[in-house]
Amino acid sequence: MRYPGLDLLRALAIVWVMFFHSWVVGGLGPDWSWLSRYGWMGVDLFFVLSGFLIGQQVLLPLSRGLPLRFGDFYLRRAFRILPAYWVVLAIYMLLPAWRELPGIEPLWKFVLMMMNLGNDYSNPAFSHAWSLCVEEHFYLVFPLLAWALMCRPAAWKVIALAAVVVLGGIALRAGIWLHDTAAEAAGAPERNWFIEDLYYPTWNRLDGLLFGVLLATLKVFRLPLWHRLQQHANAVLVAGMAVVALSLWLFRARAGLLGNAIGWPVLSLGLALLVFAGAGKRSVIGRWPVPGAGWLAGISYSLYLVHKAVFNGVQVQLGETIAPLGVAQVLVYGVASLLIAALLHYAVERPFLKLRGRVLTPHRAPGAAAAERA
């Protein structure tokens, strides 16, 4: 079943990220900076959505006592993620003029999905691939961890693991922040340690994926409770917006200690409540489809891959021509990004998804259809 609320959240996430990356073309201006300031949170919404959808895909067969087909799972992920990613990566490497900024990390880091680890942010082109690396690491480890936990399942194990991830993440990020700020004050060589040490590494960004998986665990293993809670989906939606608002306050200084210590789990909790409200038909965001949201959600991965480079290309080719439009320039950048993303989606993503269906559907684990589009 397809839920309009999840399509809407995915569409909002990609638009929010695009507003944030408007810095590539000089930003939206002071009057509209509120649209872009917190746009990086769109990536965290993607993390929660991925944790929820992939969590169901992995947990459903395990909950029914069926074997988890690891090869099927990893091939499914590869067909979904790699073709469009490799096309865009090839363009970045072979056509430097395509890049939004000149410097780029070595090719092997992108191929091995490790550019978010040991990153040198003085080479920032295609840097938004960091989030894809985090997700790939999640895809690699989570099925193994879920299988191990299900060998002798117990609720306390899930609670303990979640507590370790949340509390350990708070302690780790706080420690890194205190260490790096002390080193900076002591005259260490200047670098963007916030991005390199805190924002990009996988071990600091597990909260969104965790909360998404916890939602999936609730739906798979406590379905009657899930349905009872769905009766209060609008109240959950309001609570989610309130928690997200709290996270905005915590991150009022984006690189500050308060946000980076406890802001991530608070933000992830708020976004998870929004995803819960969207994963049914009882909330105002889940009851009716928003025109265009489903299509935008469908091309969101391709749009994420190409939008920064398209922004740069439009600025190079049309910057002086569209400058008099002021903030309305965003429409030109947005339409151009949609066109290129649609081309990538229909020419690369869709054919490989169809091929995936022909190759893997006969061996699909029961229940995997719940996250077929993930």
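Refer to the preceding data block for the structure.
Undergrad: Would you mind going over the overall build of the chain with me for this structure?
TA: The secondary structure content of the chain amounts to 15 helices and zero strands. Here the C-alpha radius of gyration of the chain, 21 Å, is about what a compact globule of 374 residues would show, namely 21 Å. Projecting the C-alpha coordinates of the chain onto the three principal axes gives extents of approximately 60 × 50 × 40 Å. A buried classification covers 51% of the 374 residues belonging to the chain. Contacts in the chain between residues at least 24 apart in sequence constitute 74% of all its contacts with a sequence separation of at least 6. Split by element, the accessible area of the chain, about 17000 Å² in all, is 71% carbon and sulfur.

Undergrad: I'm lost on the side chain of N116 in this one. Help?
TA: Along the polypeptide, N116 turns up in the loop between α5 (107–111) and α6 (130–151). Among the polar contacts listed, one links the side chain of N116 to the backbone oxygen of Y200, at a separation of 3.1 Å. In contact with N116, other than residues within four places in its own chain, are W130, C133, V134, H137, Y200, P201 and T202.

Undergrad: Hey, could you run me through the side chain of N312 in this one?
TA: Structurally, N312 can be placed in helix α14 (residues 300–322). In contact with N312, not counting residues within four places along its chain, are V24, A97, W98, R99 and E100.

Undergrad: Quick question: what am I supposed to make of the packing of helix α7 (residues 155–185) against helix α9 (residues 207–221) here?
TA: When two helices pack together, their arrangement is given by the angle between their axes and by how far apart the axes lie. At a minimum axis separation of 11 Å, α7 and α9 run at an interaxial angle of 165 degrees. Considering their axes alone, α7 and α9 lie roughly antiparallel with respect to each other. By crossing handedness, the relation of α7 to α9 is classed as left-handed. Here α7 contributes V158, A162, V165, V166 and R173 to the contact with α9, which in turn contributes D207, L210, F211 and L214. Classifying every residue of the contact of α7 with α9 by side-chain character gives seven nonpolar, no polar and two charged.

Undergrad: Would you take a moment to explain the packing of α9 against helix α12 (residues 257–278) for this structure?
TA: The N-to-C vectors of α9 and α12 enclose an angle of 35 degrees; their axes lie 8 Å apart at closest approach. As for how α9 packs across α12, the hand of that crossing is right-handed. Listed contacts from α12 to D207, G208, F211 and L215 of α9 are W264, P265, S268, L269, A272, V275 and F276. Its residues placed into classes, the contact of α9 with α12 shows eight nonpolar, two polar and one charged.

How each quantity is defined
Residues numbered from 1 in each chain as written. Predicted model: local features only at pLDDT ≥ 70, side-chain atom pairs only at ≥ 80, totals over all residues. Heavy atoms only, no water. Helix = DSSP H or I, 4+ residues; strand = E, 2+ residues; numbered from the N terminus. Rg over C-alpha atoms; globule rule 2.2 N^0.38 Å. Buried < 20%, exposed > 50% of the residue type's maximum accessible area, 1.4 Å probe, protein only. Contact = heavy atoms within 4.5 Å. Areas by Shrake-Rupley, 256 points an atom, 1.4 Å probe, with all protein chains shown as cover. Polar contact = N/O pair within 3.5 Å; in protein donor to acceptor, adjacent residues only side chain to side chain. Axes fitted to C-alpha atoms, helices over the stretch in contact; angles between N-to-C directions. Parallel < 35°, antiparallel > 145°, perpendicular 65-115°, else oblique. Left-handed = near helix turned anticlockwise from the far one by under 90°. Nonpolar A, V, L, I, M, F, W, Y, C, P; charged D, E, K, R; others polar.

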